[in-house]
Amino acid sequence: MNIWIAVVVTAVGCYAVKLAGLLVPAGVLERPLVRRLAALLPVALLAALTAQQTFSDGQALVVDARAAGVAAAAVALVLRAPFLVVVGAAVVVTAGVRALGG
């Protein structure tokens, strides 16, 4: 029964957030600061999610093959490689470090 309570509470919460977004006046959304924040917030959230998934294992901080893969992807991005090359570099480096026992 607890799962259904969680599902219903989550559904109501999602609906409330959507409704709150619709109730915001258009003038507020057209302000330059709000537009800039709306453009940068998804990038910040994705970066935080990537960092959390890369450097944590439960409650512990972990530096393993995933960190090497992210570093390889960062180098490829700095070199302005295409997206598929960036992903491929991260995969190859991560697999290589894991194969070497890291």
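Structure: above.
Because the structure is predicted, anything quoted here is derived from the model rather than measured.

Definitions and cut-offs
- Residues numbered from 1 in each chain as written.
- Predicted model: local features only at pLDDT ≥ 70, side-chain atom pairs only at ≥ 80, totals over all residues.
- Heavy atoms only, no water.
- Helix = DSSP H or I, 4+ residues; strand = E, 2+ residues; numbered from the N terminus.
- Buried < 20%, exposed > 50% of the residue type's maximum accessible area, 1.4 Å probe, protein only.
- Contact = heavy atoms within 4.5 Å.
- Salt bridge = Lys/Arg side-chain N within 4 Å of Asp/Glu carboxyl O.
- Patch = residues over 30% accessible without salt bridge, like charges linked within 9 Å, V, L, I, M, F, W, Y side chains within 5 Å.
- Areas by Shrake-Rupley, 256 points an atom, 1.4 Å probe, with all protein chains shown as cover.
- Expected span 1.5 Å × (residues − 1).
- Bend = angle between axes of the 7 residues up to and from the residue.

Undergrad: So what exactly am I meant to see when it comes to the overall build of the protein here?
TA: The helix and strand tally for the protein stands at five helices and two strands. Element order for the protein, N to C, with α for helix and β for strand: α-α-α-β-β-α-α. Seen through its C-alpha atoms, the protein measures out along the principal axes to roughly 55 × 45 × 25 Å. Within the span of the protein, comprising 102 residues, buried residues form 11% of the whole. For the protein, the share of sequence-separated contacts (at least 6 apart) that also reach a separation of at least 24 residues comes to 34%.

Undergrad: Got a minute to help me understand the pattern of salt bridges in this structure?
TA: Any two side chains of opposite charge can pair, given that their charged atoms come close. Enumeration over the complete set of coordinates arrives at one salt bridge. Between Asp64 and Arg66 there is a salt bridge; the shortest N-O distance is 3.3 Å. For Asp64, a relative accessible area of 26% corresponds to the partly exposed category. For Arg66, a relative accessible area of 25% gives the class partly exposed.

Undergrad: It is not clear to me how a nonpolar patch on the surface should be interpreted in this structure. Could you clarify?
TA: A cluster of nonpolar residues, Phe83, Leu84, Val87 and Val91, forms a patch on the protein surface that exposes about 440 Å² of accessible area. Structurally, Leu84 is set in helix H5 (residues 83–99). In this structure Leu84 comes out as exposed when scored by relative accessible area, which is 70%.

Undergrad: So what exactly am I meant to see when it comes to helix H1 (residues 2–23) here?
TA: The periodicity of an α-helix, 3.6 residues per turn, causes residues three or four positions apart to be oriented the same way. Taking 1.5 Å per residue, 22 residues should reach 32 Å; H1 reaches 31 Å between its end C-alpha atoms and fits that length. The buried count for H1 comes to zero of 22 residues, which makes it a mostly uncovered element.

Undergrad: Can you walk me through helix H3 (residues 32–55) in this structure?
TA: Given a rise of 1.5 Å per residue, 24 residues ought to cover 34 Å, and the 34 Å separating the end C-alpha atoms of H3 matches this to within 8%. At Leu40, H3 shows its maximal kink, close to 30 degrees; a proline, Pro42, follows between one and four residues later.

Undergrad: Quick question: what am I supposed to make of unusual backbone geometry here?
TA: Peptide bonds are, in most cases, trans, and in most cases residues other than glycine have a negative phi. Although it is not a glycine, Arg80 adopts a positive phi angle of roughly 60 degrees. On the secondary structure map, Arg80 appears in the loop between helix H4 (65–78) and H5.

Undergrad: How should the environment of Gln53 be read in this particular structure?
TA: By secondary structure assignment, the location of Gln53 is in helix H3. On a C-alpha basis, the gap between Gln53 and Leu79 in space is 24 Å, while along the polypeptide they are 26 residues apart.

In short, the description is geometric, and any link to function would need to be established separately.
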